[in-house]
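Each chain, written out:
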Amino acid sequence: MPDECPHTLPQENVLSFEEIRAFADAAVKNGIERIRITGGEPLTRKGITGLVGMLRGIDGLKDLSMTTNGILLKGFARELKVAGLNRVNISLDTVDPEKYRWITRNGDLREVLQGIDAAEEAGLLPIKINCVVKGSSGDEDAVGVRAFCERRKLQVRFIREMNLENGEFAVVEGGTGGDCRICNKIRLSCDGNFRPCLFSDLSFNARSLGAEEAFRTAVCAKPRIGTRSSLNKFNLVGG
């Protein structure tokens, strides 16, 4: 987490659930089959299970998932499943309680483990663990996360620490992210912009252009390979 307080958007600039649903509906009508809700931390947004239910109602949507830090998941897992969520990705960079507390600025690893238990019990499967590494999956903390996932029969993905400004990214180990050759992802950020690539400053606003026009333009503008971005920040474009 950054030391400085992240920049926040005025509330009127943040998409309502109704707008998210409408923009997601336009994307599905134009070929999107899978949606993942990310953040920040999506479980901190009031009424998040209502959004899950709204998205689940989109005709043609085949998979609905969420990326979460897992801290609040114990209290939401069953409700999310009932609302229509299929599965979760949980961010976990270490299984050392003290290191976890330091990385997350006082987070409690026990709450994450309870969240994983709750997700399993609710049937939010498969559970995928996202582990960010500075070097490789051979780093000490990554080895511990891998051993934990093997014991719990969880899927683990190792994600090299990224730098948007410098264009530093790599293919995800255990997943398909970061591989520009096969990337077919489009991101709708909380300010209403369809972004075809994290490592590009291209964005197309669904409010001003209309959802379908913004989506189609973003798809057509998707670069063959990511380069760098001087405008995007993870607290605005999501994790």
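You'll find the structure just up there.
Residues numbered from 1 in each chain as written. Predicted model: local features only at pLDDT ≥ 70, side-chain atom pairs only at ≥ 80, totals over all residues. Heavy atoms only, no water.

Chemist: Explain the pattern of salt bridges here, please?
Modeler: Pairing between side chains of opposite charge can happen when the charged atoms of each approach one another. Per the counting criterion, the structure on display carries 15 salt bridges. With a shortest N-O distance of 3.2 Å, Glu173 and Arg146 are connected by a salt bridge. One end of the pair, Glu173, is in the loop between strand 5 (155–160) and strand 6 (187–188); the other, Arg146, is in helix 6 (residues 140–152), with 27 residues separating them in the sequence. We classify Glu173 as partly exposed; its relative accessible area is 37%. Judged by its relative accessible area of 28%, Arg146 falls in the partly exposed class. (Salt bridge = Lys/Arg side-chain N within 4 Å of Asp/Glu carboxyl O. Helix = DSSP H or I, 4+ residues; strand = E, 2+ residues; numbered from the N terminus. Buried < 20%, exposed > 50% of the residue type's maximum accessible area, 1.4 Å probe, protein only.)

Chemist: Could you clarify how one ought to interpret the pairing of strand 1 (residues 34–37) in this entry?
Modeler: The two faces of a sheet get side chains in turn, since along a regular strand they alternate between them. Of the two faces of strand 1, the one lined by Ile35 and Ile37 is fully buried and the one lined by Arg34 and Arg36 carries no buried residue. In the sheet, strand 1 pairs with strand 2 (residues 63–68) via four bridges, with the strands oriented parallel. Counted as the bridge partner of Ile35 is Leu64 from strand 2. In terms of handedness, the path from strand 1 via helix 2 (residues 48–56) over to strand 2 forms a crossover that is right-handed. (Pairing = 2+ DSSP bridges. Right-handed = clockwise from strand over helix to strand, strands pointing away.)

Chemist: Where do I start with the environment of Ala214 in this structure?
Modeler: Inspection of the secondary structure puts Ala214 in helix 8 (residues 211–221). When the C-alpha positions of Ala214 and Ser203 are compared, they lie 8.6 Å apart, and in sequence the two are 11 residues distant. If sequence neighbours within four positions are ignored, Ala214 has contacts with Phe194, Phe204, Asn205, Ala206 and Leu209. (Contact = heavy atoms within 4.5 Å.)

Shape is all these values report; function is a separate question.
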